[in-house]
Amino acid sequence: AAGVAEHWLDGGEVVVRDLPTYHGPLSYAVRRDGDTALRLTLSGDLVVPPGGFILQPPLAGPLVQVVINGRSVGDFAPDHVRCDACPAEIVLRC
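Residues numbered from 1 in each chain as written. Predicted model: local features only at pLDDT ≥ 70, side-chain atom pairs only at ≥ 80, totals over all residues. Heavy atoms only, no water.

**Q** Tell me about the environment of Ala85, and name the residues and values.
**A** Mapping Ala85 onto the fold places it in the loop between strand E7 (81-83) and strand E8 (88-93). Of the residues examined, Ala85 reaches a relative accessible area of 23% and is grouped as partly exposed. Sequence separation between Ala85 and Phe53 is 32 residues; the distance between their C-alpha atoms is 8.2 Å. Once residues within four sequence positions are removed from consideration, Ala85 is found in contact with Leu42, Val48, Phe53 and Asn69. (Helix = DSSP H or I, 4+ residues; strand = E, 2+ residues; numbered from the N terminus. Buried < 20%, exposed > 50% of the residue type's maximum accessible area, 1.4 Å probe, protein only. Contact = heavy atoms within 4.5 Å.)

Written out as structure tokens, the structure reads:
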């Protein structure tokens, strides 16, 4: 969601469907989850690429908590996290 401007989420959800990639079509939806978090849903008929997906959320501050498919992730940088799953439900909190 690095290409999504933070203010685009003021009006609700941003959805991308069947984005062509080398690994198959990717879909995602991103929306606010309270004042300090985003909820990102990944889906698609694709193979997760080597190295996973690098997610760079449009948050106002550094990441302080990441949850992927209900599990806390401890290995993330202030501005991005790697996700090795698809489908995935991701909560990114600053």
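**Q** Before we move on, can you summarise the side chain of Ser27 with the specific residues and values?
**A** Of note, Ser27 is situated in strand E2 (residues 26-32). At 2.9 Å, the side chain of Ser27 forms a polar contact with the backbone nitrogen of Asp18. Not counting chain neighbours up to four residues away, the residues in contact with Ser27 comprise Val16, Arg17, Asp18, Thr41, Leu42, Ser43 and Gly44. (Polar contact = N/O pair within 3.5 Å; in protein donor to acceptor, adjacent residues only side chain to side chain.)

**Q** Give me the lowdown on the pattern of salt bridges, citing residues and values where you can.
**A** Summed over the entire model, instances satisfying the criterion amount to five salt bridges. A salt bridge links Glu6 to Arg32, with the shortest nitrogen-to-oxygen separation between them at 3.8 Å. Of the two residues, Glu6 sits in the segment before strand E1 (14-19) while Arg32 sits in strand E2, which places them 26 residues apart along the sequence. Of the residues examined, Glu6 reaches a relative accessible area of 31% and is grouped as partly exposed. Overall, the relative accessible area of 30% leaves Arg32 in the partly exposed class. Measuring nitrogen to oxygen at the nearest pair gives 3.4 Å for the salt bridge that ties Arg39 to Glu89. In this pair, Arg39 is assigned in strand E3 (residues 37-43) and Glu89 in strand E8, connecting sequence segments 50 residues apart. Of the residues examined, Arg39 reaches a relative accessible area of 22% and is grouped as partly exposed. Within this structure, Glu6, Asp10 and Arg32 form a network of salt bridges that share partners. (Salt bridge = Lys/Arg side-chain N within 4 Å of Asp/Glu carboxyl O.)

Keep in mind these values describe shape, not function.
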